[in-house]
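Okay, here's what each chain looks like letter by letter:
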Amino acid sequence: MAKPELDFITIKGFKSIASVEKLSLGPINLIIGPNGSGKSNFIGVFFFLHAIREGRLNDYVRKAGGAEQVLHFGSKTTRKIELKVSFQNEVNQYELVLEATNDDSLYPADESVRYWEKSYQRALRESLRNRKSGLEAGISDSHVKRIPGWVRTRLGRWRLYHVHDTSASSPLRKTAQLHDNAFLRPDGSNLPAFLYLLSKKHMTEYNLIRRTIQRVAPFFDDFQLNPDRLNEETIRLEWRHKNSDQYFGASSLSDGTLRFIALTTLFLQPKSFLPSVILVDEPELGLHPQAITLLASLVKQASRETQVILSTQSSLLLDHFEPEDVLVADRVKGATVLTRLDSRKLARWLEEYSLGQLWEKNELGGRPGAE
C-alpha cells in the first residue's frame, strides 16, 4: 500500500472551522456528521488550497461572497485564516496565513515551505513572495523551484470530484471533446473521452470498470465509444444493452446508474492517472444499497495507491470501514470539531453492532444536537 500523500492538516479560521490542529490523515478518511456540521467545509479546504495554487485566491473569495463569508464568523471574530499541510511523514510542509483587506478580499500575509530530513537538526524554511500586487500566493508561480516547486506539484495532484449533477443538462450527459483525456475531470464532463482512451490503451482497467458496472446494472453490456460521425473531434457516452444490437445514449441511463459509472471510472482508473488525493462529497447520493456496498470496495481498492477523503450521510457505507478510517464532525459552540474514531474504545460495542448502527444509535457523535 502506498504511503498517504498527506500526514496531517491544520485549519484555523476557515468558514465553520475555528481551529483544527494537526489532524492526522490516513489512506481512507470517511467523514460523518449531521447537516451543517462542517463536513463539506472540511473537504472545501482542499479545493481552496488548490484554487490558491492555481492563482485563483481572489476569484474563490469573490465567488464565496467575500472574505466575510470565508472567515469564521466574519472579520469581527476572526482576523486571519491559517492553513498548514504536511506531506509524507513531515518531510515537506506548506504554511499559509491569509488576512482580510479593506475591500472584503483576502491576501497572503505570510507563506512558507519547509523541508526536514530527519538527520537535520532543524527544518529548512523558505518564505515565498506573493504575486499580482500582493493578492495571490507565491505558490501559484509556475516557475518556483526546489522545495516550493515540489510542494506546488503536490498541491496540483489532488482533485475534488462533483458528480452529483445527473440532470438533463449535466456535464456527464453532454458531448465531450475526443482528445480531452489527460485526466478524468472533476465534473465528469470528459467521461466518454476518458473511457475511449482506456478502451484503446488500458484494456485491463477498462474491462474491470465494465464488469463492475454490470454488477449494478445487469442489463448493461458494454460502452459504444466512437467519435461522432459528423464531427470526429467529439464523442458521446453511448452503451449497448445485453442481448440486443441496439445502443443507447447517456440520456437513457438513470441518475444512479450514471453516477455509479462515473464513480467506478474514478476509482478504477489506471494507477498512472490517479490523483494523489481523491476527494468526494457524499458519493452515495442516489445509489442503490448494492451499489453503495460496491462503492466501499472501490474506495478500499483505490486507497492502496492513493489517498481518499469522502464525506457521507450513509450508515450503510460506514458499515464497510474500520473505526480508524472515520472522522466524526460535530458542531460545538458554532464551530466544527473533528474526531477520529478509536477501535479500542468501541471494541465492546462492535461485538454486537456495526459502525453504521452505532452511528444511528448516537454512540459515535455526528448526529444533530443543540449547541
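Whatever comes next refers back to the structure up there.
Values in this document were obtained by computation on a predicted structure and should not be read as measured data.

Here we look at the sheet that holds strand β3 (residues 28–32)
- With mixed pairing, the 6 strands of this open sheet are ordered in space as β8-β14-β15-β3-β16-β17. A single partner strand is all that each edge strand has here, and the edge strands are β8 (158–161) and β17 (335–340). Neighbour-to-neighbour, the strand axes of the sheet open up by a mean angle of 20°, direction not taken into account.
- Examined bridge by bridge, strand β16 (residues 326–332) and β17 share 6 bridges and lie antiparallel to one another. Paired with Val-332 across the two strands is Ala-335, which belongs to β17.
- Along the sheet face, helix α1 (residues 39–53) touches β3, β8, β14 (277–281), β15 (307–312), β16 and β17 and points at about 140° away from the line of β15.
- In the packing of helix α7 (residues 255–268) onto the sheet, contacts are made with β8, β14 and β15, and the angle to β14 comes to roughly 160°.

Things to note about helix α4 (residues 146–155)
- When you tally the buried positions in α4, you get 7 out of 10 residues, the bulk of the element.
- In this structure, the buried residues of α4 make contact with α1, β4 (80–87), β5 (92–100), β6 (106–115), β7 (124–127) and β8.

As for the pattern of salt bridges
- Considering all chains together, one arrives at 18 salt bridges under this definition.
- With a shortest N-O distance of 4.0 Å, Lys-80 and Glu-82 are connected by a salt bridge.
- Between Asp-342 and Arg-344 there is a salt bridge, with the nearest N and O atoms lying 3.0 Å from each other.
- On the basis of relative accessibility, which here comes to 17%, the residue Asp-342 falls in the buried class.
- Taking relative accessible area as the criterion, Arg-344 reaches 69% and is therefore assigned exposed.
- Salt bridges here are not isolated pairs; linked through shared partners, they connect Arg-210, Asp-221, Asp-222 and Arg-240.

Reading guide: rules and limits
Residues numbered from 1 in each chain as written. Predicted model: local features only at pLDDT ≥ 70, side-chain atom pairs only at ≥ 80, totals over all residues. Heavy atoms only, no water. Pairing = 2+ DSSP bridges. Helix = DSSP H or I, 4+ residues; strand = E, 2+ residues; numbered from the N terminus. Axes fitted to C-alpha atoms, helices over the stretch in contact; angles between N-to-C directions. Contact = heavy atoms within 4.5 Å. Buried < 20%, exposed > 50% of the residue type's maximum accessible area, 1.4 Å probe, protein only. Salt bridge = Lys/Arg side-chain N within 4 Å of Asp/Glu carboxyl O.

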